[in-house]
Structures are given as structure tokens and as C-alpha cells.
Amino acid sequence: TFPLQLYSGVRSDRQLMAMPPRRRVSFGPHDEHDTEESKQEVLPRQGAQQSYARGFMASSLAPALAAIFTNPVEVGKVRQQLDKQPASLVATLRHVWQSHGLAGLQAGLQISVLREASKSFFRIGCFTPILDQLHDAAQGPAPLYKRMAAGMSSGAIAALVCNPIELVKTRQQAAGGGAVLDGFRQLHAAEGLVGMWRGTAVSMCRSAMVTGPHLTTYTALKEAVAARGWLADAPPLHMLASLAGAFAGVCCNQPLDVVRNRLYNQPIGPDGQGTLYAGAVDCAKQLLRSEGPLGLYRGFSSHYLRVGPHYVLTFTFLEQIKKALGA
């Protein structure tokens, strides 16, 4: 009977009892027939996805809270960058206070909170998932170039998605405020759908140039200091790493930030095109000719005074929110 059983596929009861159970294809972790091994394969993926979801939530909430405290300095920075002979930050804020009061200092607050919540959802939230695709954590800490690539990618994605919000925010802060929905309606009515993504290229470059250095410096410094035992992984370390990351980001992106704000706030002609600059390169050339290299770093101090505290608050809130969420 052995040849018959071998070639015909017929097996005796003893052989059938000795055979290991067949594994079946599983289409989800909740299938009652899943083997323990398949569940162990699925659970880590579920855990990572849940951690990413909590990270996206924290990445949106923390910067929105920080924007409430730092928006006045952002208003002063925008005013300085648009003024060809700007006063100091304190003098600029005093003038805004005398002219418009608290409402002027918090011009564009609603859109600023919306911008931080939406843009940081991608800018900070995408960093870890992208880095995990570029680097296996089992190989040790990620090298700086992989962190930079993940940060620049997440920053560019955020700028592409959220450009209309950025555009309305910048114009409202320059004009002294306004309703959020009215800002979007006016933008769409005046410039159309294409106009809502005006300056996207320079905004993506700008966001990539600030996010890459910032998140690279923040994560690398935080991990290095904690690994050496110099500071515990607690708010004081988060504040220090945030200030260092903010400085690196502002140094790299300030010229693009100035160019972007000039493009966003130039008058628009009947053809829907800007009347002052042909594009980002033309804007930079005109700035260099009329104001010199320092013109590209106009408003640097107020930018860092806004970004530094903003990032300190953002990442202090972020780490605590992630800890509370278990991210």
C-alpha cells in the first residue's frame, strides 16, 4: 500500500494524526483560526500603527497650544520682514499695541492655530514613520543623513498640503487680522484655486530647510545627551534640544522665509500674477541688489525669538502628550 499512499495522496489514519496542522491564510488579526505565530506577526504592526496614530495626534495638538503664546512675536516678525527699514522687535510690537491693541498682537491667531495644528500634523507626525522606513532601529541610532532626509521630506509634504493656510495666515498677520473663512473666500475669489498654492515651491523648500535641520538636531542631541547620562529624558532636556534645533532651522531657512513672505504679500495684477517679482529667484536677486546679503536675514532675531520659545513649548507639550497617550 505504500506506493499507493505515496502517489495517490491517500494517507492512513496514523499518518494523518502524525501530520502537523496546516497553516491557513489569515486576512486579519481577529480571525478565530489565526495561529499564534501569525498573531505575533500582526501585533507588532498593529502596535506601530497605533503608536504612529498617537504621534500624529500629539504632533497636531502640541504646536496648536504653543501658537497661542507665541503668535504676537510672529506678528512682529512678519511686520519686520515686510518693512524695508524695520524697527526693533520691541518697537514693532509697541507700535502694533498702540495702533490695534491686543487684537493686533494676536492678529491671525485663529489661522495660526489652524496652521500649526494642520502643518505640524505632517511636519512632525510624518518624521518617525518616514525615518522607520529609512532605518532599522535594530541597527542602532539613525545616522544624521537619514534623519535629515526624513525631516526634509516631512517638511516638504506639510508645506505642499497646507500652503493655502500659510498664505492666508501671512496676509492676515500683515494686514492686522481677519476672519479665517473670509480669508479663504477672498483668496479663492481673487486668485482662484491656482492662486491658493502660490509660492508652493519656495514654501516647500523653506519647510524642508527648517524641518530637516531642526528635527535632526533635536532628536540627535536629545538621544546623545540622554545616552551619556548628562540629563534625564525630561522637560529640561527637551527645552535644551528644542532651542538648539530651532537655531539650526532658522539659520538654514531664514533667506527662504524672507523671500516667501515678500512673494505672499506682493500686489496681484489683473492677470493673477505678482506685480513686483517674477518668482522666488527674481525676488532673491532684487533683495540682494537693493538690501545686500543681510536683507535675506532680515528679522532673524525676531524669527528666532518666536521660533525658539515656540519649539520649547511645542516639544515640551509634545513629549508630555505622547507620554500620556502612550505613543
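Residues numbered from 1 in each chain as written. Predicted model: local features only at pLDDT ≥ 70, side-chain atom pairs only at ≥ 80, totals over all residues. Heavy atoms only, no water.

*Asks:* Account for the packing of helix α7 (residues 144-175) against helix α9 (residues 200-227), naming residues and giving values.
*Replies:* Close contact between α7 and α9 brings their axes to 6 Å; oriented N to C, the two are set at 140°. Considering the angle they form, α7 stands oblique to α9. Seen along the crossing, α7 lies across α9 with a hand that is right-handed. Taken together, the residues of the contact of α7 with α9 sort by class into twelve nonpolar, eleven polar and two charged. (Axes fitted to C-alpha atoms, helices over the stretch in contact; angles between N-to-C directions. Helix = DSSP H or I, 4+ residues; strand = E, 2+ residues; numbered from the N terminus. Parallel < 35°, antiparallel > 145°, perpendicular 65-115°, else oblique. Left-handed = near helix turned anticlockwise from the far one by under 90°. Nonpolar A, V, L, I, M, F, W, Y, C, P; charged D, E, K, R; others polar.)

*Asks:* Report on the side chain of His 135, specifying residues and quantitative values.
*Replies:* Its place among the elements puts His 135 in the loop between α6 (127-134) and α7. Look at His 135 and you get buried, because its relative accessible area is 10%. A distance of 2.7 Å separates a polar atom in the side chain of His 135 from the backbone oxygen of Gly 140. At 3.5 Å, the side chain of His 135 forms a polar contact with the side chain of Lys 146. In contact with His 135, not counting residues within four places along its chain, are Gly 140, Pro 141, Ala 142, Pro 143 and Lys 146. (Buried < 20%, exposed > 50% of the residue type's maximum accessible area, 1.4 Å probe, protein only. Polar contact = N/O pair within 3.5 Å; in protein donor to acceptor, adjacent residues only side chain to side chain. Contact = heavy atoms within 4.5 Å.)

*Asks:* I'd like a rundown of the pattern of salt bridges, residues and numbers included.
*Replies:* Applying the stated criterion across every chain, the model contains ten salt bridges. Linking Glu 166 and Arg 115 is a salt bridge whose minimum nitrogen-to-oxygen distance equals 2.7 Å. Within this pair, whereas Glu 166 is found in helix α7, its partner Arg 115 is found in helix α5 (residues 109-123), the two being separated by 51 residues in sequence. Comparing Glu 166 with Arg 115, the two get one shared label, buried. Lys 222 is paired through a salt bridge with Glu 319; the nearest N and O atoms lie 3.0 Å apart. Placement of the pair is Lys 222 in helix α9 and Glu 319 in helix α12 (residues 300-325), with a sequence separation of 97 residues. For Lys 222, a relative accessible area of 13% translates into the label buried. Counted as one network, the salt bridges with shared partners bring together Arg 115, Glu 116, Lys 119 and Glu 166. (Salt bridge = Lys/Arg side-chain N within 4 Å of Asp/Glu carboxyl O.)

*Asks:* Provide a residue-level description of the confidence of the model for the chain, including the pertinent values.
*Replies:* In the predicted model, the chain carries a mean pLDDT of 82, and 85% of its residues have values of at least 70. Mean pLDDT values over the elements of the chain span from 41, in helix α1 (residues 2-8), up to 96, in α6. Low pLDDT, under 50, characterises residues 1-17; the predicted model gives this stretch seven contacts beyond four residues in sequence or across chains. Below pLDDT 50 for its whole length, residues 19-34 participates in 13 contacts with residues either more than four positions away or in separate chains. (pLDDT = per-residue confidence, 0-100.)

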